[in-house]
Amino acid sequence: KLPDHKLRQTLTAFPGLAHDVGHDCRTRSPHPSTHTHMRVILLLFLAGPASAARAVTVPAPLQRPLDCVRSLLDRLPRPRDGSWPATGSTRPPPRGPADIERFVGEATEEEGWAPVVSRDGFQVSRRNLRGSRHVYVRGQGVFGAPPEAVIGLFETSDAALIRRYNPLYDSGWDLERYDSRTKAAYAKVRAACPGVRPRDTVSLISRRDVGGGAWGCGGTVFFQEATTHPAAPPLRGVVRAKILRGMFLVQPVPGCPRQTRFTFTQQCDAGGVIPSWLMNRLIVSESIHFLQRLDRTAQGR
């Protein structure tokens, strides 16, 4: 870490930096917020461990403020253990009908989920799973489009259409089809900002029909889980992310054929050098925007 007197000198020389990271030069006390974490994400990559530094050439004039950012990030408080409910378990992916209904029921129940943000009729919640440092996030809401329009978005290979609800999407294709409802698929997303490597995933994707039960009114569910495939080895310069468990649940709204009840859950290991506690906050923050974009795209707006 920088000595305090060096820290004050750096922040005095770069007043905008002090404002961006929420640092008071007089008290030397950090004032973290979610917005703060979003604004320092690029600098975190540039000022991170040696393995990250080797991938990026840092101009000499930036070295001093980046050293300062590293020091400030060390001072940011980490979420305490137990600050969110640690419920649930890392259950293996669903296979049979009973497993599918149990998995969907657990994902749609209210117990154990902590609401984080609500906007435009959509709600994002989170829960921690025992034994994992990666957040389990859930988004819910009612779309102004029929179920078949939403299902079509998850089955399309039209890259331009996919980018309407996933702007960072670069490319993707099916690697192998195991049956009419199950496949291995590859996807790659562009770098979120300069200095950050692109990500890719290899996932097992399965479409299943679900019954009603006490938790819903039936519908269609798409499950995702990380896998490997000989046709998609890790690429140099691309970070392999893993979707540990994920689900898109598309359900009809009784009496409203032009609407869809939509629920998604996801637990993802993004890889790279970003600390998991910071990535968890970014994933939760982005989830509400994903719901809004998906709704607009399904409506054709």
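Keep in mind that what you see is a predicted model, and the values were worked out from it rather than measured. (Residues numbered from 1 in each chain as written. Predicted model: local features only at pLDDT ≥ 70, side-chain atom pairs only at ≥ 80, totals over all residues. Heavy atoms only, no water.)

Some thoughts on the confidence of the model for the protein
Logical step 1: Looking at the protein as a whole, the pLDDT averages 75, with 67% of positions reaching at least 70.
Logical step 2: Considering only residues more than four positions removed or in separate chains, one finds that residues 1-56, a stretch of pLDDT under 50, has 90 contacts.
Logical step 3: The low-confidence segment residues 76-92 (pLDDT under 50) makes 37 contacts with residues lying over four places distant or belonging to another chain. (pLDDT = per-residue confidence, 0-100. Contact = heavy atoms within 4.5 Å.)

Focus: helix α8 (residues 147-155)
Logical step 1: Along α8, the positions that sit buried rather than exposed are P147, V150, I151, L153 and F154. For α8, the buried positions fall inside an angular range of 150° around the axis, keeping them on one side. (Buried < 20%, exposed > 50% of the residue type's maximum accessible area, 1.4 Å probe, protein only. Helix = DSSP H or I, 4+ residues; strand = E, 2+ residues; numbered from the N terminus. Arc of directions from axis to C-beta.)

Digging into the pattern of salt bridges
Logical step 1: Here the structure, examined in full by the defined rule, presents six salt bridges.
Logical step 2: Across the pair R177 and D174 runs a salt bridge whose closest N-O atoms are separated by 3.8 Å.
Logical step 3: Across the pair D174 and K183 runs a salt bridge, and its minimum N-O distance is 3.1 Å.
Logical step 4: Looking at D174, the relative accessible area reads 41%, which means it is partly exposed. (Salt bridge = Lys/Arg side-chain N within 4 Å of Asp/Glu carboxyl O.)

Brief notes about the side chain of T220
Logical step 1: Topologically, T220 is positioned in strand β9 (residues 219-226).
Logical step 2: T220 has contacts with I151, R207, R208, D209, V210, F248, L249 and V250, leaving out every residue within four places of it along the chain.

What to know about the nonpolar core
Logical step 1: Among the nonpolar cores identified, the biggest contains 30 residues, and F154, F262 and L294 are the most heavily contacted of them.
Logical step 2: With eleven residues, the top contributor of residues to this core is helix α10 (residues 276-298).
Logical step 3: In this structure F154 touches Y165, F222, F248, V250, F262 and L294, once residues within four positions along its chain are discounted.
Logical step 4: Ranked by size, the runner-up nonpolar core spans twelve residues in total, among them F103, L129, Y136 and L249. (Core = buried A, V, L, I, M, F, W, Y, C linked by side-chain atoms within 4.5 Å.)

Let's talk about the side chain of R126
Logical step 1: Structurally, R126 is set in strand β4 (residues 122-127).
Logical step 2: At a separation of 3.3 Å, a polar atom in the side chain of R126 contacts the side chain of N128. (Polar contact = N/O pair within 3.5 Å; in protein donor to acceptor, adjacent residues only side chain to side chain.)

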